[in-house]
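# Summary of the model geometry
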Amino acid sequence: MRQRLFGMAVILLLASSISAYAECVPPPPLADVTTKVDTEGAVAKVLKIAGITLKADIAIERKSIFTQFPNANQMVVALVAIYQYCTQLEVVKTLTDEQKLEKLAAYQTTWLMAAAGPRAIATTADKNGGAAPDRPRSHDKRSGRMLNNVLLLRIAMDHTPMVRIKTGKISWVDIYLNPVPLWITDMNKSFIIVGSAATEAEGRQRMQGLKISHPQYDFELYEPYGTNTNYGIMMASWVSKQRAGEALQAAKQIERTSFIWECRGTGDRC
């Protein structure tokens, strides 16, 4: 399911003093009940290693957790881990604030590193002229000055994939068009390709044409990947095989040559 946080949440803000300028903010609640079991299992494992987190090999722990719980909401799990680490750093007396900031930055980078794989460059669901969502910024302004030594992790509606907290009607994009996952599993490695194009301009034109003809759906344009030189128009991205099957039924009504494409493997690379 599409993971978006409607609104802005600053996970951690560190400046010259971790106590004076920072607050460890708990992650938002899980909104997608379909991932509840695996997410709770993964979070439980995160909490078990919380006491040794300062010395643990986080890359190994992260891989183990995401592999063991393939249907977990990965962003929720990552934010829980970051929150736990943040609270541990607050009470450490042997590190300077600068050292704490450096450790936290490295820790967050490890947990929030997206897998390598196909990426969207345009979407019919976006409100910014069809451009793909921007990457999160690493800086911000407060009191009119740039915080060069501050790590700001923004989780925003049109920037970083996040837990979807939304009321009202759920759209196609909320279920079938997802951002690149943190870890590729059998539950998030399938795509539905409803068309292709030789150039980006042609792909954008075709994608918008599909949206005009079928406004009840949304589509995304993906850049060429691997040995494929064409741009792909996706009707579903980063979904489970079950979700892909559902989307394929609708895609066949639009273009009978639509098909399922999957990452060859799992892990940190498609």
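Sequence order as written defines the numbering, with residues in each chain counted from 1. It should be noted that, the model being predicted, local features are given only for residues of pLDDT at least 70 and side-chain atom pairs only at 80 or more, the latter also being counted only at that level, while totals for whole chains, interfaces and linings use all residues. Hydrogens and water molecules were not included; the side-chain quantities draw on all heavy atoms of the structure.

## A look at the overall build of the chain
- The helix count covers DSSP runs of H or I at least four residues long, the strand count covers runs of E at least two residues long, and both are numbered beginning at the N terminus. Within the chain, the secondary structure is distributed over 8 helices and 9 strands.
- For the chain, the residues scored as buried account for 46% of the 270 residues in total.
- Any two residues having at least one pair of non-hydrogen atoms within 4.5 Å are treated as being in contact. Sequence separation of 24 or more characterises 77% of the internal contacts of the chain that already satisfy a separation of 6 or more.
- Computed with a 1.4 Å probe, the accessible areas rest on the Shrake-Rupley method; for each residue, only the protein chains presented here act as cover. Of the roughly 13900 Å² that the chain leaves accessible, carbon and sulfur atoms contribute 52%. The cut-offs for exposure are 20% and 50% of the maximum accessible area for each residue type, with area from a 1.4 Å probe on protein chains only; residues under the lower value are buried, those over the upper are exposed, and the others partly exposed.

## Focus: the sheet that holds strand 6 (residues 190-197)
- Should DSSP find at least two bridges between two strands, the strands are regarded as paired. The strand order 2-7-8-6-9 describes an open sheet built from 5 strands, whose pairing is antiparallel. In this open sheet, the two edge strands, each paired with only one partner strand, are strand 2 (120-123) and strand 9 (259-262). The mean inter-strand angle of the sheet, taken between neighbouring strand axes irrespective of direction, is 40°.
- Inspection of the sheet shows strand 6 paired to strand 8 (residues 231-239) by 6 bridges, in the antiparallel sense. If you follow A197 over to strand 8, its bridge partner there is Y231.
- With axes taken as lines fitted to C-alpha atoms, and helix axes fitted only over the stretch in contact, angles between N-to-C directions fall between 0 and 180 degrees. Lying on the sheet, helix 8 (residues 241-254) is in contact with strand 6, strand 8 and strand 9; it crosses strand 6 at an angle near 30°.

## Considerations on the nonpolar core
- Nonpolar cores are built from buried Ala, Val, Leu, Ile, Met, Phe, Trp, Tyr and Cys residues. Side-chain atoms within 4.5 Å join them into one set. If you look at the biggest cluster of nonpolar residues, it comprises 24 residues, and the most contacted ones within it are W172, I192, V194, F219 and M235.
- Counting residues per element, the ones that place at least two in this core are strand 2, helix 6 (172-176), strand 6, helix 7 (200-213), strand 8 and helix 8.
- Ranked by residues supplied to this core, first place goes to helix 8 with 6 residues.
- Setting aside residues no more than four positions away along its own chain, V194 makes contact with L210, F219, I233, M235, A251, I254, E255 and S258.
- By size, the runner-up hydrophobic cluster in this structure holds 23 residues, among which are A42, I58, M75 and A81.

## Some words on the state of the cysteines
- Criterion for a disulfide: a pair of cysteine sulfur atoms within 2.5 Å. All chains considered together, the criterion is met by 1 disulfide.
- Put simply, C263 and C270 are joined by a disulfide, and their sulfur atoms are 1.9 Å apart. On the S-S bond that ties C263 to C270, the torsion sits near -105°, and the link is left-handed.
- Looking at C263, the relative accessible area reads 2%, which means it is buried.

## Looking at helix 8
- Here the expected span of a helix is defined as 1.5 Å times the quantity of residues minus one. For helix 8, built from 14 residues, the straight-helix expectation of 20 Å at 1.5 Å per residue is met to within 8% by its first-to-last C-alpha distance of 20 Å.
- At L248, helix 8 is deflected by roughly 25°, the largest bend along its length.
- Listed in full, the buried residues belonging to helix 8 are A244, A247, L248, A250, A251 and I254.
- Residues of helix 8 that are buried in the fold lie against helix 6, strand 6, helix 7, strand 8 and strand 9. Take the seven residues that end at a residue and the seven that start at it, fit an axis to each, and the angle between those axes is the bend at that residue.

## Concerning the pairing of strand 8
- For strand 8, the tally of buried residues reaches 9 of 9 residues, placing the bulk of the element in the interior.
- Examined bridge by bridge, strand 7 (residues 220-222) and strand 8 share 3 bridges and lie antiparallel to one another. Directly across from E220, in strand 8, lies its bridge partner M234.

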